[in-house]
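Summary of the model geometry
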Amino acid sequence: MDINDLYESPLYLKVSFNKLIEQYENLADSKDAFTASRAKRVLKAQEPYPELRTGFTDTSKLDEYQDAISIILEDLFTDILTLNEVKTASIPFHNLIFNSSQRFKNIIKAAGDDFELKIKNMPEDDVYIMACTIIMKFCYGLDLSFKRPFYYDIPDANGILRHYKIMYNADFIEIEPTDKAKEITQADVDELLDNYENIDLWKEKFPPGSYVFKGFVINNIFDVTDDQAISTIKSNLITENRGKDENFTDDFQEVFRSLLNIKDLEVGFSVYNKEDKMFERVYGEPIVSYLLNKKDSAKCDKTLCRWSLKTLIKDKKFYAVSDVDKFYELSKGKAPQYRALKEQGFKSAILAPLANEEGLMGILELVSKQPKVLNSVNANRLIDVMPFIVSAVERSKNEEKNMIEAVIQQECTSIHPSVHWKFRKEARSFIQDKLEGREPLFQKIAFEDVYPLFGQIDIKGSSMARNRATQEDLTLQLNSAKAILVKALEENYLPIYEQIIFQADRYLNRLEEHFQVDSEQKITEFFSQEIDPLFYHLLSRGKYAEEITSYFDSIDEKLEVLYKHRKDYDDTIAMINRKMAELLDEKQLEAQEMYPHFYERFKTDGVEHNLYIGESITQDENFNKIFLYNLRLWQLQAMIEMENAYYQMQHDFPIPMDVASMILVFNQPLSISFRMDEKHFDVDGTYNARYEIVKKRVDKAYIKGTNARITDKGKITIVYSQKQDEVEYMRYIRFLQSKHYLDDDVEIVELEDLQAVTGLKAIRVSVLYHKDDNDKEFFTYEDLMKELHA
């Protein structure tokens, strides 16, 4: 096989020993008889084979000239160092090796018969360009500093991948141009410097085979597994998407196996929660904790013994367990770390504290199912990698802190992304004033001339439902307590039993006939002050243990009352609020794409939302009222869709409840500002305050001359004060009727006067419902209820 068939190259390669033989020719004249004798021996071995000087390309001749080549290279591959040095003779950038030290041969043999030696990081295009840079250095004296380290990855006898760095010795090469070679000018060099990836340009300047390479290189090879492992750990930990990489944990584990040369090594991690004094597993990533042993979290003293806690948390030192079984027996199985490791079949372990100046952040867990392979000696090999892991954990802690702050901001405050720019601007000014020694003051955050939109989806009859649930729970608990008291009275007549039964009956009658606001409190005090002490007394005497235990088992530990129907009610309200809020948040993303605006929502007995739109919020000068009209139409349509979504999921709630939707229209722009004390936006000015008054009271208003509330199940109610608002919304209603969102039963009603507010009207119209998203039929509320409960 011709060596030049392997790669396309500007170099026409010839294996030659001419440069080395020239040195032996000089040594043959040495005054040192021994040196001269050795040189003459080499020259004599080469003399019959002139091709060893002129060069050859046929790789089969390497076998033909093997004996002569061995003698020529004898001084470069001495027997004294052959078991120590990892060295080969080859052609540069090729995997062809024709002489090597015994240690290199042993490494290849341990890798296995099916192992194929290959330089790790050498793309074919890079080989061509690298050859061009060698030509420029040898023939033109231009050093482009294009030196890249090359590596072999070779597994050892245990299957652990070892990394070897190749260092080339190019003392024995010659490069000469052929008639194909082109003269390279400074302009050519400048062009090439700006076009590294343009392989066609490099081939144009240095055509294939335009230079002859004669010689060979000596490859000095070094085991850099430890350095490579540290570098890989560093790069893996620096990457932003390590948590999203499915192979991250396996790759990370493999690196530690190479570093410590332990094939079955496994890596775990546990997070230290200083506030709760607990160890926790890493959430959201496929990283296990062998200390926690399948648990999500555990108290520190339930995870580690006192000595290991001191070593890791206070002293911040490695804690090595060379023989798990031995130490398990010594501790009589009481030390939790030995017990956890033994249960999982591990025989040795190293626990490495990940700590900074503020204290322990977590524990790196290295474990193996072989005894003694992990110990206090090789634990010190982790010293060089620990700073990188600590830095990564610090970064993760900061990311977690930022995420927590983001969640708090999203869930507990009302700073919407649409107005962040104003807060950032004021925050920068605040910081600048502070840094420059001025008294920092956070200026008022306000937006003028914005149009408000308000809507709510309210749970109908929520107060009555809660009272009913409370009555049912208290009735159950009273009857349960009364049954025990009746049994006690029958077996042992005591007037006090009869008196307590009488009191229970009075409360039962009051619950059935006249439930008042203070009834719950009075009955709860009756349980805690009279029933509970009596039952504990009876238990201490061994009386009615089964019945009393069953009674207390039915009591909620935190609330100390029976919490069954009220729990169903609370769960229903929470589920409705969560589902409706999630749905509104999702739909809001679509509305923001149409035109940015401020949005906030609140959970009460239902979900309320505020929208503000205007030029001062977006900073753009392109605001037009068409965007306001569009947002009003979107709001109306979104609330109809939320009504549909609610009734489609109503059967999932513990208690079936109804909702009613309302929109409040306010025609004039107003100003809003952020209330620092209350952490939310509110309207400015006396006139604008009228809007807030209407918002808080209007859903409880009655239709004028009736006892009917303006909001009703199955209907959308639109409250307004101006005729032009009525005209505008009637256009939207007709449009949504054409799309079968709304029924034809539109009614316009007047509202009873509210305190300080008169002249309000409302449009009421029935919503058309679907049984599910794929349903093509349209139902009124009454029809839908019949269908769902048929």
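Above this text is the structure in question.
The paragraphs below set out a description of the structure included in this document. (Residues numbered from 1 in each chain as written. Predicted model: local features only at pLDDT ≥ 70, side-chain atom pairs only at ≥ 80, totals over all residues. Heavy atoms only, no water.)

Moving on, we come to the overall build of the protein chain. For the protein chain, the count of helices and strands is 26 helices and 23 strands. Relative to its length of 790 residues, the protein chain is extended, with a C-alpha radius of gyration of 42 Å against a globular reference of 28 Å. Dimensions of the protein chain, computed from C-alpha atoms along their principal axes, come out at roughly 130 × 80 × 65 Å. In the protein chain, which comprises 790 residues, the proportion classed as buried is 47%. A separation threshold of at least 6 residues defines the contact pool for the protein chain, and within that pool the share at least 24 residues apart is 66%. Charge separation in the protein chain, taken as the distance between the mean sites of 102 positive and 137 negative side-chain charges, equals 5 Å. (Helix = DSSP H or I, 4+ residues; strand = E, 2+ residues; numbered from the N terminus. Rg over C-alpha atoms; globule rule 2.2 N^0.38 Å. Buried < 20%, exposed > 50% of the residue type's maximum accessible area, 1.4 Å probe, protein only. Contact = heavy atoms within 4.5 Å. Lys, Arg positive; Asp, Glu negative; His and termini not counted. Charge placed at Lys NZ, Arg CZ, Asp CG, Glu CD.)

Together, K274, K277, K299 and K316 make up a region of like positive charge exposed at the surface. For K277, the position within the fold is in the loop between β9 (266–273) and β10 (278–280). (Patch = residues over 30% accessible without salt bridge, like charges linked within 9 Å, V, L, I, M, F, W, Y side chains within 5 Å. Areas by Shrake-Rupley, 256 points an atom, 1.4 Å probe, with all protein chains shown as cover. Salt bridge = Lys/Arg side-chain N within 4 Å of Asp/Glu carboxyl O.)

Take the packing of aromatic side chains next. Considering all chains together, one arrives at 26 aromatic pairs under this definition. Feature note: the residues F17, F98, F172 and F216 constitute an aromatic cluster, connected by ring pairs. We note K326 situated over the ring of F327; from NZ or CZ to the ring centre the distance is 5.5 Å. In this arrangement the basic side chain of K342 is found over the ring face of Y328, its NZ or CZ atom lying 5.3 Å from the centre. (Phe/Tyr/Trp six-rings, centres within 6.5 Å; stacked < 30°, edge-to-face > 60°. Lys NZ or Arg CZ within 6 Å of the ring centre and 35° of its normal.)

What follows is about the sheet that holds strand β14 (residues 359–368). Ordered in space as β11-β10-β9-β14-β13-β12, the six strands form an open sheet in which the pairing is antiparallel. Strand pairing shows two members of the sheet lacking a second neighbour, β11 (297–299) and β12 (319–321), which therefore form its edges. With direction set aside, neighbouring strand axes in the sheet form an average angle of 20°. Both β9 and β14 contribute to a ladder of six bridges, which runs antiparallel. Within the sheet, the bridge partner assigned to E266 lies in β14 and is V367. (Pairing = 2+ DSSP bridges. Axes fitted to C-alpha atoms, helices over the stretch in contact; angles between N-to-C directions.)

With that settled, consider the nonpolar core. Note on soluble globular proteins: their nonpolar side chains tend to be buried together. Core analysis: the biggest nonpolar cluster contains 52 residues, and M580 and L636 have the highest contact counts within it. By residue number, the principal contributor to this core is helix α23 (residues 625–649), which donates 13 residues. Non-local contacts of M580, meaning those with residues more than four positions away in its chain, are made with I457, V607, M642, Y646 and M649. Judged by nonpolar contacts, the second largest core, of 45 residues, contains L13, I72, A89 and I199. (Core = buried A, V, L, I, M, F, W, Y, C linked by side-chain atoms within 4.5 Å.)

Another point: the state of the cysteines. Applying the stated criterion across every chain, the model contains zero disulfides. Among the cysteines around C300, which has no disulfide bond, C305 carries the closest sulfur, lying 12 Å off. Residue classification places C300 among the buried positions, given a relative accessible area of 7%. (Disulfide = S-S within 2.5 Å.)

Moving on, we come to the pairing of β14. Burial analysis of β14 places ten of its ten residues in the buried class, which makes it a mostly covered element. Across nine bridges, strand β13 (residues 348–356) lies against β14 in antiparallel orientation. Residue S348 lies in a different strand from β14, and its bridge partner there is S368. Following β13, the chain reverses through two residues before pairing antiparallel with β14.

As a further point, take helix α2 (residues 33–46). Relative to the 20 Å expected for 14 residues at 1.5 Å per residue, α2 spans 20 Å between its end C-alpha atoms, a close match to the ideal helical length. Taken together, the buried positions of α2 are occupied by A36, A39, V42, L43, A45 and Q46. Contacts made by the buried residues of α2 are with α1 (18–27), α3 (51–54) and α5 (66–72). For α2, the N-terminal cap is D32; the gap from its side-chain oxygen to the backbone nitrogen of F34 is 2.9 Å. (Expected span 1.5 Å × (residues − 1). Polar contact = N/O pair within 3.5 Å; in protein donor to acceptor, adjacent residues only side chain to side chain.)

A separate point is the sheet that holds strand β1 (residues 11–15). Ordered in space as β1-β7-β6, the three strands form an open sheet in which the pairing is mixed. Because the sheet does not close on itself, it has two edges, and the strands there are β1 and β6 (173–177). When strand polarity is set aside, the average angle formed by the axes of neighbouring strands in this sheet is 20°. Here five bridges tie β1 to strand β7 (residues 211–215), and the two strands are oriented parallel to one another. Residue pairing for β7: K14 is matched across the bridge by K214.

Our focus in this paragraph is the pattern of salt bridges. Applying the stated criterion to the full structure yields 34 salt bridges. Of the charged contacts, one joins K715 and E747 as a salt bridge, the two residues approaching to 4.0 Å between their closest N and O atoms. A residue pair is termed long-range when its members are at least 10 positions apart, and K715 in strand β21 (residues 715–720) and E747 in strand β22 (residues 747–750) qualify at 32 residues. Overall, the relative accessible area of 28% leaves E747 in the partly exposed class. The structure contains a network of salt bridges with shared partners spanning R38, R41, E74 and D75.

Quick look at the side chain of S16 now. Along the chain, the position of S16 falls in the loop between β1 and α1. Looking at S16, its side chain comes within polar contact range of the main-chain nitrogen of N18, at 3.2 Å. Once residues within four sequence positions are removed from consideration, S16 is found in contact with L52, R53, G55, K214, G215 and F216.

The next subject is the environment of D126. Checked against the element boundaries, D126 lands in helix α7 (residues 124–140). Looking at D126, the relative accessible area reads 13%, which means it is buried. The spatial distance from the C-alpha of D126 to the C-alpha of I626 is 59 Å, given a sequence separation of 500 residues.

Here we take up helix α8 (residues 186–193). Turning to α8, its buried residues are D188, V189 and L192. All buried residues of α8 project into a common sector of 100° when viewed along the axis, lining one side. Along α8, exposed side chains directed more than 90 degrees from the buried face belong to A187 and L193. (Arc of directions from axis to C-beta.)

This part is about unusual backbone geometry. At D449, a position not held by glycine, the phi torsion is positive, near 55°. With respect to the element layout, D449 can be found in strand β15 (residues 446–459). One non-glycine residue with positive phi stands out, namely E560, at about 60°. Looking at the element boundaries, E560 is found in the loop between α20 (545–553) and α21 (565–594).

With six of six residues buried, β21 is to be regarded as a mostly interior element. Relative to β21, strand β18 (residues 659–665) runs parallel, the two being bridged by four bridges. Each bridged residue has a counterpart across the sheet, and for I663 the counterpart in β21 is I718. Sheet topology places β21 next to strand β23 (residues 761–766); six bridges connect them, and they run antiparallel. When the sheet's bridge partners are listed, I716 is paired in β23 with V765.

Time to look at the environment of Q471. Within the secondary structure, Q471 sits in helix α17 (residues 462–491). The class for Q471 is partly exposed, based on a relative accessible area of 22%. Residues Q471 and E47, spaced 424 residues apart in sequence, show a C-alpha to C-alpha distance of 114 Å. Beyond its immediate stretch of four places on either side in the chain, Q471 contacts L511 and F515.

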